[in-house]
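Structural characterization, general
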Amino acid sequence: MAAMAARAAEAEALFEAHTAAELRAAERRLRAGIEQKREELRQMVGERYRDLIEAADTIAEMRLSAERLLGAVRGLQRGGAARPGPAPPAPPRLPEKLYRAAAQLKLLLDIPEQAWGAMEAGRYLPAARLYLLCRHLHGLLQLDAPRARYSPILARFPILLRQVAAASHFRSTILQESKSLLRCQSVSDQAVAEALCAIMLLEDSSPRQALADFLLARKLAIQQLLNQPHHGAGIKAQVCSLMELLTTTLYQAYALFYMMPEGMPPDPALPCGLLFSTLESTTGQHPAGKGGVLEDEVKLSSWFRYLPESVVEFQPTLRTLAHPISQEYLRDTLQQWIAMCSDDIRAGVSSLLVYVKSLKGLAGIRDAVWELLTSESVSQHWDVVCRRLLDKPASFWEELLRQLFLDRLETLTKEGFESISSSSKQLLVVALQELEVKPASSALSKPVQFEHNVALFLWSESSSDLPSDAAWVNVANRSHFAKSGLSMKAQALTPCVQSFCSALDLKLKARLDDLLSYLPAEPSKEAAPTLQPRSAFDRYADAGLVEGLLRERCVACVHHLLGCVREELQSAQSLLGGQAGAASESRLDAILFMARLCQSLSELCPHLKQCILGQSGGAEMVLKETRSAKKLGKGKAQEVNPVQAKWQEVKAELLQQSLVAYQIWSSAVTKALVQGFTHALLLDTAGSVLATATNWDEIEIQEETESGNSVTSKIRLPMQPSWYVQSLLFSLCQEVNRVGGHTLPKVTLQELLKTCMAAVLAAYEKLMEEKQEKKAGAFPMTQNRALQLLYDLRYLNIILTARSEEAKASRSKHDSRIEKVTDFLEGHIDPFDLDVFTPHLNGNLNRLVQRTSVLFGLLTGTENQYTSRSSALSSQELHNILPLASSQIRFGLLPLSMSSSRKAKSATRNAERVQCDADL
């Protein structure tokens, strides 16, 4: 009562000191502790129960042994005491039949323990034999189901009912465990043979059925292996386990079911027919006392001699003879099994390879499979086994995995280059958005400022202009990937272009490095006879296909980028017509950025070339390219490498798109500049004519009168072009210089000059039309103005006419237009004065062109235009010089930059052509 009162007081104290939530938590903890103690008690009882039973059995055996010992001692005592007297009568012997029944019952009770022990040890054939012996004892003791109710033994020993019920589960358990063992790939041939024998004995099946069970179990093992959860590196282990299971299945099929043809000696290195030899040893008859199912421990028991001979010599038997399987049936069955498993394997491995996200991981799985199939344990007798079993060689890599790996490789390559394409498009859009900011804005970053004015970039100094090792590393020994800042400036490759190409090249390098892990590291060494002689398959056989796939995807990526550039160019071109001022300049800067980008991609992205050329796209291909180019210059036909031709095609497409962008820029620039020129030319007022007039030269001439006397007179001729002509040419040079004119393609510069000259001619033709209409109040075309306009036209024709061989075909059309305008202007000049003015006008024109050839050098080019002083030079060598005066000069000749490929012959032709132009 006191304890109960104390507990009630404790409960009341708890309710007073804690809230309801705390009490509920305490209750939950208390109940959890109770359940934990109960579980511990259950585990303790469960763990100790077997020990207690074994201890009880041992105690019982010890008691029986002690009683027998005591009985034997008493018997000896009684025998010693009664020895002097006559022997007592022997007790009556029990019937022999009773001893036999008791021995059989004893054996029947011991068999379950022995059978379970054998199954726990994985010895399923002894367990099956014990089960069959148990069934045999049931028959002898009339314990079978139909006669069990009439059995007198069951009436006396009801415990046997439980034993019969327990024995009925042996068969299903042994079959289940045996078939489960068949699904394991790491078991020995002997264990598989015993498991198949156990199945055959229990199911009374034939060897063909055993072959079907074996292959079915292996098919289930393959499905189970493919359905395992996969996580990263586990895929490699799963694929290797799959290949190991397939090869082990064929090896074990050979060892178990194959029989050598009659007349052929057995092969000691490849034993076969293990299933039939195991069946023979299990079901064969042996001499009395030498065989049977019973173990030696049973035979040493005292009751063993009472067992009937049918039990002692019991051997399992099959109802039908185990005939060997024919080679044709074995071959057809295995081929059908391989065909059935192939579909599952392809589907399963394909689903596994989806989780491989890199070509390096794919190559790791392939190399692991190659190492497995090339190992000595697998490849040593593989060809012999396949030839005997399948009548043909078998390669699971070629038949099952190779195409799956190629498909996955293609998918990964496609996804990788699609990612590069999308990211490149995003980079292009971001760069163009940055360039849309007005050039005069103060928030522009330096790279964007350099993009708006390339000349600012060319003349700025940077610490990266020279490489750090420029003082001691020769240019020829420098890395092909190393580019100095000066080389970038020499090519007018702005920081925006460099950053874009660098980002693209890094992505291509990552993709290329990933794919190179699937290819041989050193092709020259791999081609040497150092390969392993027992290689299961050529793991680099797909190198050509892989490089072709890389080339195809890389070219598609370039085409996608070119498509994006083409769309942006079309959009910018459509917007140029409706914009003016800063907005138009920003559009032109964006167009020039895309032009430089397409022009420099092939050089600033070296990994683009390597992706297209493959592993041969290194320094060796660069040397071969230069050598072949030199050889082609000699006029000898050379065979073109298809891969190199593809690279040249990609370069040509990039250059063509660059030229298209430059053409848009040149057209816009020409339109904007010539518009002001046309406006100034067509102003038809006296003030505008005076405002645009320049210096005229006063020349004294000697004329002969009709009487033969010489008369000195003065004439005034223009010696400078009009201001709007000079403004047009200077603005054009300024614009070309702003965008890095020394790097503009020759075709673009020629197109710029051609377009500008055509627009100038159109302006003069418009002036001619207006003057021919003779509007009232219009300023008349005077002789002096006609002379100035004629001087301007001839000067523009010399400066803006392209002097390349390609431009000769298009000059005839311009010449006819120029002649038409010239005839119109000369029509406003007195014919007598024109004859007098023409030589002096041509002289002024020649001197003007010579003086401005350096100022407008970006337009006139580097050709040797004038060689009027060639007579004073050596006839063996022609210099590209700048004549400054017709008389003897005080200073030396100033050299002009020129192409090293120019010859004296071309210089002479240029001089003749200029003289002809001047005569016009």
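Side note on the overall build of the chain
The secondary structure content of the chain amounts to 36 helices and four strands. Burial statistics for the chain: of 920 residues in total, 41% are counted as buried. Considering only intrachain contacts with a sequence separation of at least 6, the fraction spanning at least 24 residues in the chain is 78%. Per element, the accessible surface of the chain, about 51700 Å² overall, is 55% carbon and sulfur.

Regarding unusual backbone geometry
The phi torsion at Asp204 lies on the positive side, around 55°, for a residue other than glycine. Considering the arrangement of structural elements, one finds Asp204 in the loop between α8 (189-203) and α9 (207-226). Its relative accessible area of 25% is what places Asp204 among the partly exposed residues. The backbone of Asp391 shows a phi angle near 60°, a positive value even though the residue is not glycine. Relative to the elements of secondary structure, Asp391 occurs in the loop between α17 (382-390) and α18 (396-435). A relative accessible area of 48% means that Asp391 is categorised as partly exposed.

Some remarks on the packing of aromatic side chains
Enumeration according to the criterion identifies eight aromatic pairs in this entry. The ring of Tyr329 has Arg208 lying over it, and the distance from NZ or CZ to the ring centre is 4.0 Å.

A short note on the pairing of strand β2 (residues 710-718)
Of the pairings in the sheet, the one linking strand β1 (residues 696-704) to β2 comprises nine bridges and is antiparallel in character. Note on β2: the bridge partner recorded for Ile699 is Ile715. Connecting β1 to the next strand, β2, in antiparallel fashion are five residues, including Gly708 with a positive phi near 95°.

Brief notes about the pattern of salt bridges
Applying the stated criterion across every chain, the model contains 22 salt bridges. The salt bridge involving Asp267 is made with Arg388; its shortest N-O contact spans 3.6 Å. Placement of Asp267 in the loop between α10 (234-257) and α11 (274-283) and of Arg388 in helix α17 is noted, with a sequence separation of 121 residues between them. Where Asp514 meets Arg511, a salt bridge forms, and the shortest distance between an N and an O atom there is 3.5 Å. Of this pair, Asp514 and Arg511 both sit in helix α22 (residues 495-516), three residues apart, roughly one helical turn. With relative accessibility at 13%, the residue Asp514 sits in the buried group. Each of the salt bridges in this network shares a partner with another, and the network as a whole consists of Arg331, Asp332 and Asp391.

Observations regarding the side chain of Thr282
Tracing the backbone through its elements, the reader meets Thr282 in helix α11. Overall, the relative accessible area of 2% leaves Thr282 in the buried class. Non-local contacts of Thr282, meaning those with residues more than four positions away in its chain, are made with Leu125, Arg129, Leu201, Gln315 and Pro316.

A short note on the environment of Val546
Topologically, Val546 is positioned in helix α24 (residues 543-576). Spatially, the C-alpha atoms of Val546 and Leu519 are 8.0 Å apart, while their sequence positions differ by 27 residues. In this structure, Val546 is in contact with Leu409, Leu515, Tyr518 and Leu519, ignoring residues within four places of it in sequence.

Quick word on the packing of α8 against α10
One way to put it is that α8 packs onto α10 with a least axis distance of 10 Å and a crossing angle of 60°. Taken as axis vectors, α8 and α10 run oblique relative to one another. When you trace α8 past α10, the crossing you get is right-handed. Judged by residue contacts, Asp189, Val192, Ala193 and Leu196 of α8 engage Gln252, Ala255, Leu256 and Phe257 from α10. Its residues assigned to classes, the contact of α8 with α10 comprises six nonpolar, one polar and one charged.

Conventions and cut-offs
- Residues numbered from 1 in each chain as written.
- Predicted model: local features only at pLDDT ≥ 70, side-chain atom pairs only at ≥ 80, totals over all residues.
- Heavy atoms only, no water.
- Helix = DSSP H or I, 4+ residues; strand = E, 2+ residues; numbered from the N terminus.
- Buried < 20%, exposed > 50% of the residue type's maximum accessible area, 1.4 Å probe, protein only.
- Contact = heavy atoms within 4.5 Å.
- Areas by Shrake-Rupley, 256 points an atom, 1.4 Å probe, with all protein chains shown as cover.
- Phe/Tyr/Trp six-rings, centres within 6.5 Å; stacked < 30°, edge-to-face > 60°.
- Lys NZ or Arg CZ within 6 Å of the ring centre and 35° of its normal.
- Pairing = 2+ DSSP bridges.
- Salt bridge = Lys/Arg side-chain N within 4 Å of Asp/Glu carboxyl O.
- Axes fitted to C-alpha atoms, helices over the stretch in contact; angles between N-to-C directions.
- Parallel < 35°, antiparallel > 145°, perpendicular 65-115°, else oblique.
- Left-handed = near helix turned anticlockwise from the far one by under 90°.
- Nonpolar A, V, L, I, M, F, W, Y, C, P; charged D, E, K, R; others polar.

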